[in-house]
Amino acid sequence: MMNEIQTYLEEDGLLHCAVCKEPVEAFYPKGSLLEMKKHHRQCACERQAYAEEAQYFKEKERRELVVRNKKICFEEKEMEGFTFQNVDRDSSAIRIAEEYVANWQKMKQNHMGYLFWGPVGTGKSYLAACIANALLEQEVTVKMTKLYTLDFMLMTFYPFLIYLLYSSSHSFVSICTIFSRNIFSTFSVFASIITFNM
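It should be emphasised that the depicted structure is a prediction, and the values quoted were computed from it without experimental measurement.

(A) Main features of the overall build of the chain. What the chain contains, in helices and strands, is 6 helices and 8 strands. Here the chain holds 198 residues, and the buried ones make up 32% of them. Counted over contacts in the chain with a minimum sequence separation of 6, partners at least 24 positions apart contribute 54%. Within the structure as shown, the chain displays about 12900 Å² of accessible surface, and the carbon and sulfur contribution to it stands at 57%.

Right, here's the structure in full:
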C-alpha cells in the first residue's frame with residue numbers, strides 16, 4: 001500500500017503533493033451544488049503507486065498460475081527445473097527447440113509438433129521438458145507424461161502414435177502434449193513433442 005502523502009497548501013487553495021507537486025484534491029465543477037467543496041484526486045505519485053501495485057498482483061497471480069500448471073504438467077517434480085537456461089546453448093537441438101517456443105503461435109496455428117529420437121540418455125525427455133516449461137511460462141497448458149500413464153481418452157487423440165508404437169522397433173518414451181482449455185473446460189490438442197529411444 002502507498003505511504004501517506006506529504007502535502008502543502010498552494011495559492012490555488014488546494015493541497016498539493018510535496019513530491020510531484022500535483023494537486024491531491026480538486027473543486028467540484030462550477031454551477032454544481034458542491035461548487036465550493038473539494039474532492040480527492042490522484043497525483044502522479046499515487047497513480048504510479050497504484051499502477052505498480054496492480055502490476056505486482058497481476059504478476060503474482062500469473063506466477064501462481066504457472067506454478068499450479070507445472071504441478072499438473074509434470075509427474076516427476078525434478079522436471080519443473082528443466083529449462084533452456086540450464087543446458088548447452090550451442091547445441092543445434094536446443095536452438096531448434098527454442099525456435100519452436102519463440103514461434104509458438106505459428107506452431108499452434110499449424111498444429112506442428114516435434115519428434116525426438118536417439119540413444120538412451122541423450123536428453124530427449126529433458127529437451128521436451130524444456131519446451132514444456134518455456135510454454136508454461138507463457139501460460140500455455142501443457143501435460144507431459146509417460147506412455148503407461150496415458151488414459152484411454154487421451155490416447156484416442158493419437159491414433160498415429162499407437163501405430164508408431166506397435167509398428168516400430170524403437171521404444172516409446174514420453175509425450176509432451178500442448179493443450180488449450182476453453183470456457184467450457186474442454187480441451188483442444190494443439191501439438192505434441194514425442195520422444196523415442198533408438
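On we go.
(B) Spotlight on the pattern of salt bridges. Counted by the stated rule, this structure contains 9 salt bridges. When the shortest N-O distance is used, the salt bridge between Lys60 and Glu64 registers 2.9 Å. Note that Lys60 and Glu64 are positioned in helix H1 (residues 44-73) at a spacing of 4 residues, about one turn of the helix. In this structure, Lys77 and Glu80 form a salt bridge, with 3.6 Å as the shortest nitrogen-oxygen distance. Overall, Lys77 belongs to the exposed group, its relative accessible area being 57%. Connected through salt bridges with shared partners, the residues Glu59, Arg62, Arg63, Lys70 and Glu137 form a single ionic network.

(C) A look at the environment of Arg95. Turning to its location among the elements, Arg95 is positioned in helix H2 (residues 92-102). Judged by its relative accessible area of 40%, Arg95 falls in the partly exposed class.

(D) Representation of the packing of H1 against helix H4 (residues 124-137). One can describe the packing of H1 onto H4 by two numbers: an axis separation of 9 Å at closest approach and a directional angle of 150 degrees. The orientation of H1 relative to H4 falls into the category roughly antiparallel. The crossing of H1 and H4 is right-handed. Each of Arg62, Arg63, Val66, Asn69, Lys70 and Cys73 in H1 lies in contact with H4, whose residues at this interface are Ala132, Asn133, Leu136 and Glu137. A class-by-class count of the residues in the contact of H1 with H4 yields 4 nonpolar, 2 polar and 4 charged.

(E) Spotlight on the nonpolar core. Core analysis: the biggest nonpolar cluster contains 25 residues, and Phe74, Phe84, Ile131 and Leu135 have the highest contact counts within it. Of all the secondary-structure elements, those providing two or more residues to this core are H2, helix H3 (104-110), strand S5 (114-118), H4 and strand S6 (141-146). Ranked by the residues each element gives to this core, the list is headed by H4, at 9 residues.

(F) A look at unusual backbone geometry. We note that Lys21 has phi near 70 degrees; this positive angle belongs to a residue other than glycine. By the secondary structure assignment, Lys21 is in the loop between strand S2 (15-17) and strand S3 (25-27). Phi is positive for Glu139, close to 65 degrees, though the residue is something other than glycine. Mapped onto the elements of the fold, Glu139 is located in the loop between H4 and S6.

(G) Layout of the confidence of the model for the chain. Averaged over every residue, the pLDDT of the chain is 76; residues scoring 70 or more account for 71%. Across the chain, the element-wise mean pLDDT spans from 42 in helix H6 (residues 159-167) up to 95 in S2. When the criterion is pLDDT under 50, residues 148-173 qualifies, and its contacts beyond four places in sequence or with other chains add up to 34 contacts. In this model, residues 180-190 is a region of pLDDT below 50 whose contacts with residues beyond four sequence positions or in other chains number 22 contacts.

About the cut-offs
Residues numbered from 1 in each chain as written. Predicted model: local features only at pLDDT ≥ 70, side-chain atom pairs only at ≥ 80, totals over all residues. Heavy atoms only, no water. Helix = DSSP H or I, 4+ residues; strand = E, 2+ residues; numbered from the N terminus. Buried < 20%, exposed > 50% of the residue type's maximum accessible area, 1.4 Å probe, protein only. Contact = heavy atoms within 4.5 Å. Areas by Shrake-Rupley, 256 points an atom, 1.4 Å probe, with all protein chains shown as cover. Salt bridge = Lys/Arg side-chain N within 4 Å of Asp/Glu carboxyl O. Axes fitted to C-alpha atoms, helices over the stretch in contact; angles between N-to-C directions. Parallel < 35°, antiparallel > 145°, perpendicular 65-115°, else oblique. Left-handed = near helix turned anticlockwise from the far one by under 90°. Nonpolar A, V, L, I, M, F, W, Y, C, P; charged D, E, K, R; others polar. Core = buried A, V, L, I, M, F, W, Y, C linked by side-chain atoms within 4.5 Å. pLDDT = per-residue confidence, 0-100.

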